[in-house]
Amino acid sequence: MKIGILGQGFSGIILSLMLKEKDPKNDVTIIDKEETAGRKILATGNGRCNITNLNENKYAYNSEDAKSIVEEFGPKEIVKFLNKIGIFTREYNGLVYPYSNSAKTLLDYLIALCKEKKVKFVNREKLIDYSFEKEKIRVKTTNKIFIFDKFVIASGSQSAPQLGGSGDIFSILEKHSYKISGLKPGLAPIQTEEKPVTIQNERVKAKVSLYIDKTLVYEETGEVLFKKDGLSGIVIFNCASMIARSKRFKKCTISLDLLPDYNYDELVDLLTKLNDKSKASVLSGIFTKHIVEYIRKASGIKNLYAYTPTEIKKLAVTMKNLVFTYKNTYDFKDSQVTVGGVEFSNLDFDLESKKEPGVYLIGEVLNADGLCGGYNITFAISSAYRVAEALEKAE
């Protein structure tokens, strides 16, 4: 069977290996507009490549369709498959990485393995369109024409254009009458109405609570990085995706509990006892001087130290509930994933097009986004597995 795959990212590369594992006679070609394969893979997990996540998270995916695909071939099955093809893994608190802790080493091995199995890589060829000739699929790229029995679109989406992300595929799919939900940047920094310029580049560990129209929709504890125009950090990236998943809202706020290990009363008691221990602010033993000053001003307190009981309570309130008002999410170039994409209603169980038999869609091109922590790569591999199974039956 001649199978064409558009996209040399995780889903496309893993699918090609799965197809070759099932039948070495499968003639597999992976096409990409980029000069080299897997550029986005190199950036995952800060260069370490967080492949999957053994931890359960009810917010991990935006839809039941995505969850059901991952449940069929999930993290444990992914690890077994990787081990089977020679990739050792290691785990840190449920996060699974290649044993080398190197995305480049992993990518080099995957590409070498593909080439050993006679998978063909075609680069610097952008998809122009595809059509049908009898029972074949004619794929036209910038300089070439391919004829395939089956065609799998694994082109990703438009996040991180500097790494090859592009929304070009959606204009082509719209011409083919696919229903596509609105595309928004996810897993990205957030701009806020408040401008924490004086504490930009400072970091704190905080319990982050996301409220949409006064309803608590997400909570997570993690590191927050202050930017001159808003907030960043993994926990904030997750908030950005949760916001993008919300169709409509009037107001969105992010509350930072800067001392999640203490409740309000415990914090007031602690600050009261320490208030007269030094001529410096009692907060100076907890936070950097810039964050201390930001908290003091946010609390509306003029005293630099030796706070009154009322001021201690104000400081405690601010530290337990430092509020930022959502203004916007950074653009696609600063996002790790795109929220939205081709609706699952266009596809059958096997992820084959209902309108165009022989055409399949996998990975981020679908309306399936995951939070940080390997969830998006998990879906890329899980959806590749489902199509590999379907193509084996189609032979």
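Up top you'll find the structure we're talking about.
This structure is a prediction, so every number in the text was calculated from the model and none was measured.

Draft legend 1. Molecular detail of the side chain of Gln8. Locating Gln8 in the fold gives a position in the loop between strand E1 (2–6) and helix H1 (10–22). Reaching out from Gln8, the side chain makes a polar contact with the side chain of Asn123 at a distance of 2.8 Å. Once you skip the residues sitting within four places of it in the chain, Gln8 turns out to touch Ile13, Ile30, Ile31, Asp32, Thr36, Ala37, Gly38, Phe121, Val122 and Asn123.

Draft legend 2. Structural detail: unusual backbone geometry. At Asn201, a residue that is not glycine, the phi angle is positive and equals roughly 75°. Its place among the elements puts Asn201 in the loop between strand E12 (190–192) and strand E13 (203–212). You will see that Lys214, though not glycine, has its phi angle at about 70°, which is positive. Mapped onto the secondary structure, Lys214 falls in the loop between E13 and strand E14 (215–227).

Draft legend 3. Structural context of the sheet that holds strand E4 (residues 89–92). An order of E3-E5-E4 is seen for the 3 strands of this open sheet, with the pairing classed as antiparallel. The open sheet terminates on both sides in strands that have one partner only, identified here as strand E3 (52–53) and E4. Bridge count between E3 and strand E5 (residues 95–98): 2 bridges; the pairing is antiparallel. Within the sheet, the bridge partner assigned to Thr52 lies in E5 and is Val96.

Draft legend 4. Just the nonpolar core, in detail. Core analysis: the biggest nonpolar cluster contains 115 residues, and Phe10, Tyr130, Ile153, Leu256 and Leu361 have the highest contact counts within it. At 10 residues, helix H11 (residues 375–394) tops the list of elements feeding residues into this core.

Draft legend 5. Looking closely at the layout of surface pockets. One number sums up the size of the second largest pocket: a volume of about 340 Å³. For the second largest pocket, the lining is made up of 16 residues, of which Asn55, Glu56, Tyr61, Val70 and Glu71 are closest to its centre. Listing elements by their share of the lining of the second largest pocket, those giving two or more residues are helix H3 (64–72), helix H4 (75–84) and H11. Take the lining of the second largest pocket: its biggest share by element is 3 residues, from H3. Along the lines of polarity and charge, the residues of the lining of the second largest pocket split into 6 nonpolar, 5 polar and 5 charged.

Draft legend 6. Fine view of the environment of Ala206. Residue position: Ala206 is located in strand E13. Its relative accessible area of 0% is what places Ala206 among the buried residues. Residues Ala206 and Leu6, 200 residues apart in the sequence, show an inter-C-alpha distance of 41 Å. Every residue in contact with Ala206, bar those within four places of it in the chain, is listed here: Glu220, Thr221, Gly222, Val224, Leu256, Asp257 and Leu258.

Draft legend 7. Main features of the packing of H1 against helix H5 (residues 103–116). Where H1 contacts H5, the two axes come as close as 10 Å, and the packing angle between them is 40°. Classified by the angle their axes make, H1 and H5 are oblique. Relative to H5, H1 is oriented so that their crossing is left-handed. Mapping the contact onto sequence places Phe10, Ile13, Ile14, Ser16 and Leu17 in H1 and Leu106, Leu107, Leu110, Leu113 and Cys114 in H5. By residue class, the composition of the contact of H1 with H5 is 9 nonpolar, 1 polar and no charged.

Draft legend 8. Broad picture of the pattern of salt bridges. Tallying each qualifying case throughout the model produces 23 salt bridges. In this structure, Glu21 and Lys117 form a salt bridge, with 3.4 Å as the shortest nitrogen-oxygen distance. Of this pair, Glu21 sits in helix H1 while Lys117 sits in the loop between H5 and strand E6 (120–122); the two residues are 96 residues apart in sequence, bridging distant segments of the chain. Given the relative accessible area of 32%, Glu21 is considered partly exposed. Assessed through its relative accessible area of 26%, Lys117 is described here as partly exposed. For the salt bridge of Lys320 with Asp257, the shortest nitrogen-to-oxygen distance reads 2.8 Å. With Lys320 in helix H10 (residues 309–320) and Asp257 in strand E16 (residues 252–257), this residue pair connects regions lying 63 residues apart in the sequence. One connected set of salt bridges, linked through shared partners, spans Glu21, Lys84 and Lys117.

Scoring rules and cut-offs
Residues numbered from 1 in each chain as written. Predicted model: local features only at pLDDT ≥ 70, side-chain atom pairs only at ≥ 80, totals over all residues. Heavy atoms only, no water. Helix = DSSP H or I, 4+ residues; strand = E, 2+ residues; numbered from the N terminus. Polar contact = N/O pair within 3.5 Å; in protein donor to acceptor, adjacent residues only side chain to side chain. Contact = heavy atoms within 4.5 Å. Pairing = 2+ DSSP bridges. Core = buried A, V, L, I, M, F, W, Y, C linked by side-chain atoms within 4.5 Å. Buried < 20%, exposed > 50% of the residue type's maximum accessible area, 1.4 Å probe, protein only. 1 Å grid on protein atoms, 1.4 Å probe; cavity = no way out; pocket = protein on both sides within 12 Å on 5 of 7 lines; lining within 4 Å. Points joined across faces, edges and corners; volume = space filled by probe spheres on them. Nonpolar A, V, L, I, M, F, W, Y, C, P; charged D, E, K, R; others polar. Axes fitted to C-alpha atoms, helices over the stretch in contact; angles between N-to-C directions. Parallel < 35°, antiparallel > 145°, perpendicular 65-115°, else oblique. Left-handed = near helix turned anticlockwise from the far one by under 90°. Salt bridge = Lys/Arg side-chain N within 4 Å of Asp/Glu carboxyl O.

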